[in-house]
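Observations on the three-dimensional arrangement
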Amino acid sequence: GKSAMYLNQSMELLQRGFGMMQTGIQTTVQPFIEAADTAEKYRLTLDSLLGSTEEGARMFDEMSGFAANVPFEYEKIMDSATALSGVMNGGVEQVKEWMPLIADLAAVSRLSIEETTGQIIRMYSAGAASADLFRERGVLAMLGFTAGVSYTAKETRERLISSFEDPQSQFAGSAAKLAKTWSGILSMMADQWFFFRKKVMDSGLFDQMKREMDELRGLIHRREEARPRIIERRLRELLEEDDLEWW
C-alpha cells in the first residue's frame, strides 16, 4: 500500500544521498591523492637517476623549492630536472645551475619549459647547431652564436653559461618578469594548491592510505587464491552426497 510506496521512495532517496556523498568525498580526496602520488613517482625516478636516495631527496627538495618560485608548473619543472639528471654528470649542483637558465630562456623564447630543456640538452651534448627550435626562434643569435660557425659541445656550454651570467644578458631574469604577468600568477597559484595538497598527505595520511590499500589487496588476493579450493571442496562434498547426479 501507501506505506510500502513511501518506504521505497525513502530508500531510493537515501541511496541517492549516499551516492552523492560518496561522489563528493571522492571528488574532494582524489586531488590530494594525485598530488602525493605524483610527488612520490618523481622522488623514485630521481633516486634511480642519481644513484642514491639521499641525492634523489636533495634534488627533489631543491627542485620543489625552485618550482615554487618560478611561473612554470611543478610537474614541468620536475620533468625538466629529471631529464637533465639523466644527461648531466654533476648531479644536484649542476642541475641547480642550469635550471634558472632554462627557465629564463623558456620565458623569453615563449617555448615551453619542456621544449627549452630539450634544446638545452641537445646543445649540451652535441653543440649549438643541434638546437633547431632555438635557431628558428632567434635564440641562438641572442645567445651570441654566429650562424654558420661550428661550436663544440664544450664551447656551447661555456657560451651558454657566460651569456646567462653576463650583466648585460638579454634573457637573465625573464622568468621573474613572467611571474608578475597574469599567466605567471595563475601558474604559481596552481603550484601553491599542489604543495598544499602534498603537505596534507605528507602528514602521514598518504602512508596510512597506502598501508590500508595494500592490506585490502592482500586480503583480496588471499581470498581469490582460496576460492578454487573452497569450490573444489564443496563439489567433492556434493558428489559424495550424490547431489550432482545431473552432471
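Before going into details, it helps to say that this report is about the structure given with it. (Residues numbered from 1 in each chain as written. Predicted model: local features only at pLDDT ≥ 70, side-chain atom pairs only at ≥ 80, totals over all residues. Heavy atoms only, no water.)

The computed volume of the largest pocket comes to approximately 260 Å³. If you go around the largest pocket, you meet 13 residues; those closest to its centre are A36, E40, R43, D202 and F206. Mapped onto the lining of the largest pocket, the elements with two or more residues apiece are α1 (2-50), α2 (53-67) and α10 (182-240). In terms of residues, the lining of the largest pocket owes the most to one element, α10, which gives six residues. Residues of the lining of the largest pocket, tallied by class, amount to six nonpolar, no polar and seven charged. (1 Å grid on protein atoms, 1.4 Å probe; cavity = no way out; pocket = protein on both sides within 12 Å on 5 of 7 lines; lining within 4 Å. Points joined across faces, edges and corners; volume = space filled by probe spheres on them. Helix = DSSP H or I, 4+ residues; strand = E, 2+ residues; numbered from the N terminus. Nonpolar A, V, L, I, M, F, W, Y, C, P; charged D, E, K, R; others polar.)

Leaving glycine aside, a negative phi is the common case for residues, and trans is the common case for peptide bonds. For R110, which is not glycine, the phi torsion reads 65° and is therefore positive. By the element assignment, R110 lies in the loop between α4 (91-109) and α5 (113-126).

To continue, consider α4. Each α-helix turn comprises 3.6 residues. Residues three or four places apart therefore point the same way. Helix length check: α4, at 19 residues, gives a terminal C-alpha distance of 27 Å against a target of 27 Å (1.5 Å per residue), a fit within 8%. The element α4 is largely enclosed, with a buried count of 14 among its 19 residues. A positive backbone phi angle near 65° is found at R110, which sits one or two residues after α4. (Expected span 1.5 Å × (residues − 1). Buried < 20%, exposed > 50% of the residue type's maximum accessible area, 1.4 Å probe, protein only.)

Let's shift gears to the side chain of D47. Tracing the backbone through its elements, the reader meets D47 in helix α1. Overall, D47 belongs to the buried group, its relative accessible area being 14%. Apart from residues lying up to four places away in sequence, D47 is in contact with S52, T53, G56 and A57. (Contact = heavy atoms within 4.5 Å.)

This next bit is on α2. In a regular helix each residue adds 1.5 Å, so 15 residues correspond to 21 Å; α2 covers 21 Å between its end C-alpha atoms and thus fits that length. Every buried residue of α2 is accounted for by G56, A57, M59, F60, M63, S64, F66 and A67.

What follows is about the packing of aromatic side chains. One pass over the structure, following the stated rule, counts 10 aromatic pairs. An angle of 70° between the planes, with centres 6.2 Å apart, marks the rings of F32 and F196 as edge-to-face. Of this pair, F32 sits in helix α1 while F196 sits in helix α10, and the two are 164 residues apart along the sequence. The exposure class assigned to F32 is buried, which follows from its relative accessible area of 14%. (Phe/Tyr/Trp six-rings, centres within 6.5 Å; stacked < 30°, edge-to-face > 60°.)

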